[in-house]
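Residue-level listing of the chains:
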Amino acid sequence: MEEKLAKKMEEKLEAPTLNYEAYFSEKALGMKASEIRELLKLVESSDIISLAGGLPNPETFPYDVLEEILPRVIAEHGAQALQYGTTKGYTPLRLEIAELLRRRYGIPISKVDIMITSGSQQGLDLIGRVFINPGDIVVVEAPTYLAALQSFGYYDPKFVQIPLDDEGMRVDLLEEKLRALKAEGKKVKLVYTIPTFQNPGGVTMSKERRKRLLELASEYDFIIIEDGPYNELRYRGEEIPPIKRWDAEGRVLYLGTFSKILAPGLRVAWVAGEPHFIRKLEIAKQGIDLCTNVLGQVIAAEFLKGGHLERHIPRIRAFYKPKLETMLEALDKYMPEGVRWTKPEGGMFVWMTLPEGIDTKAMFEKAVSKGVAYVPGEAFFADRSVKNTLRLNFTYVEDEKIVEGIRRLAEVIKEEMKA
Ligand code: PMP
Ligand code: G9A
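Description of the structure in this document. (Residues numbered from 1 in each chain as written. Chains lettered and ligands numbered in written order. Predicted model: local features only at pLDDT ≥ 70, side-chain atom pairs only at ≥ 80, totals over all residues. Heavy atoms only, no water.)

Remarks on the pairing of strand β3 (residues 137-142)
Along any regular strand the residues' side chains alternate between the sheet's two faces. Within β3, six of the six residues are buried, leaving the element largely enclosed by the surrounding structure. Here β3 runs beside strand β4 (residues 158-165); their pairing, made up of six bridges, is parallel. Bridge pairing in β4 links Val139 to Val160. Note that the unit made of β3, helix α7 (residues 146-153) and β4 has a crossover that is right-handed. Where β3 meets strand β6 (residues 188-193), four bridges bridge the pair, whose relative direction is parallel. Residue pairing in the sheet places Val140 in a bridge with Tyr192 of β6. (Buried < 20%, exposed > 50% of the residue type's maximum accessible area, 1.4 Å probe, protein only. Helix = DSSP H or I, 4+ residues; strand = E, 2+ residues; numbered from the N terminus. Pairing = 2+ DSSP bridges. Right-handed = clockwise from strand over helix to strand, strands pointing away.)

Some points on the sheet that holds strand β9 (residues 269-273)
Strand order in the open sheet made by the eight strands is β2-β9-β8-β7-β6-β3-β4-β5, with mixed pairing throughout. Strands at the two margins of the open sheet, each flanked by one partner only, are β2 (113-117) and β5 (168-169). Across five bridges, β2 lies against β9 in antiparallel orientation. Looking at the pairing, Ile116 lines up with Trp270 of β9. Against the sheet, helix α5 (residues 91-105) makes contact with β2, β8 (252-257) and β9, and its axis sits at roughly 120 degrees relative to β2, the strand it touches most. Strands in contact with helix α10 (residues 275-289) are β2, β7 (223-227), β8 and β9; relative to β2, the strand with the most contacts, it is inclined by about 25 degrees. (Contact = heavy atoms within 4.5 Å. Axes fitted to C-alpha atoms, helices over the stretch in contact; angles between N-to-C directions.)

Looking at the site of ligand 2
Residues in close proximity to ligand 2 include Ile36, Arg37, Leu40, Gly54, Leu55, Tyr145, Asn199 and Arg391, which together make up its full environment. For ligand 2, an oxygen atom lies 3.1 Å from a polar atom in the backbone of Gly54. At 2.8 Å, a side-chain N or O of Arg391 approaches an oxygen atom of ligand 2. When ligand 2 is considered free in solution it has 280 Å² of accessible area, and contact with the protein chains removes 84% of it. Across the shell around ligand 2, the residue classes break down as four nonpolar, two polar and two charged. (Near = heavy atom within 4 Å. Polar contact = N/O pair within 3.5 Å; in protein donor to acceptor, adjacent residues only side chain to side chain. Areas by Shrake-Rupley, 256 points an atom, 1.4 Å probe, with all protein chains shown as cover. Nonpolar A, V, L, I, M, F, W, Y, C, P; charged D, E, K, R; others polar.)

Laid out in C-alpha cells, this is it:
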C-alpha cells in the first residue's frame, strides 16, 4: 500500500504541469533543505549503520508511565486537553517548568516568563522573526546546530563564527571580535550558544566562560540565546548550571525541550526569558500555530507533576552512558593516527576532525557503500568553510553496531588518508 502510494507520488513528481518555481516567493527560493533531514530519509530505510541522525533511542521513552498518564489525561482533563489553548501555553505546565528551572538549575524565576513552543525548533524560528533584521550580526559557534542556521538564516542575518575548543565557545576570541566590530562601528545583536554537550561538538562551556559571556553581553549590549536540549544527559563529570542562572539583566533567552527527556514526538518545548521578550515571541507565535499541541502539553505537565521526570532521567542516563563509552573505546581501538575527536561527558554526539585535505562530504558516498553513515561537518559551519570534520551519534544504534560502524568508518578514513 505504502509502496504503491510512493510510486504514484513519484510519477506525479516526474510530470510537471506548471513552472512551479515561478510562483515561489524570493524567500522560498532561497531556502535550503537541511542535510540532516535529507540524510535521515536516505539511511532510514536501509541496513546501513547510521551514526548520522540525532534521534533519541526509542527504548528511552517512558512507555510505562505514559500508559498510566494518557487515559487519565483524557478522563480528567479531556475538555481542556482537546480544546484550543492559549498561545503562551498550558498554565499548569508553565508553572511546573518554572519550578523545575528554579529547583534544578537555581534560575531565579521572579523576573522570568515562560512560553511553550512546538519544539525548540519553533523557539529558534520565533527568535529569528522577533530579533533579526536583515544584516544584523548573529554570533554562532563554529560548528553549531545546523537547523538553527536554517531558522535564523531565513531572516538574513550576517553570521559571525566563533570557534569551539574543549571548554566550549572561545569566549576570548568573541571578545576580540566584539572589540574589532565596535572599532568599525558595528554591533552584535544575538549570540547563539549550545553551552552544554554541544550539537554537534559534544563539548561543554566552562563556568568561567559562561560568566564571562554574560559580562560581555552587558558590556557590548547583546542578547544571548542559550539552547539547552541536552542539559540533563550528563553521564560523567560535574554539572554546570545554565548561563541563565547568572542572568541578572534579563539578557538570556533560555530554550528547553522535552524532546530528549520525554519524547520528541510530543513537540513540546519552552522559551524562558524576560517578560517583554516573551510577550513579543507570543505575538509572533499567534500567527503561526495559535497554540502548541495542548494534548502534548497536558501529558508533559502530568509527567512533571507526578515526579516522573526525576525518576526517568537516571534511566535515560544509564541507557546512554555505556553507549558513549562503547563509542569512545571503539574510536581508540580503530581510528588511525592523525584523527582527533571530542570526549563528551554527555549529550548525543562525538565530533571528529580528520587530517587537513580530507573532504568528509566527498567521503560520504564511500562510507555509505561500506555500510556506515555520519553527518559531514561542513553543514554545521555558517560559512561552510571546514571540510575535514564529521559528526557521530551514539544514542540510536545498538552497542555492537556502534563498534562495527566505527570499525567500518576507520577503514574508509584509512583508505582516504592513503589516497
Ligand atoms: N536545538 C538543538 C541544539 C538541537 O540539537 C535540537 C534537536 N536536535 C533542537 C534545538 C530542536 O529540538 P526540538 O525541536 O525537538 O525541541
Ligand atoms: O532533525 C531531527 O530529526 C532532529 C535531529 C537533530 C540533529 O541531528 O542534530
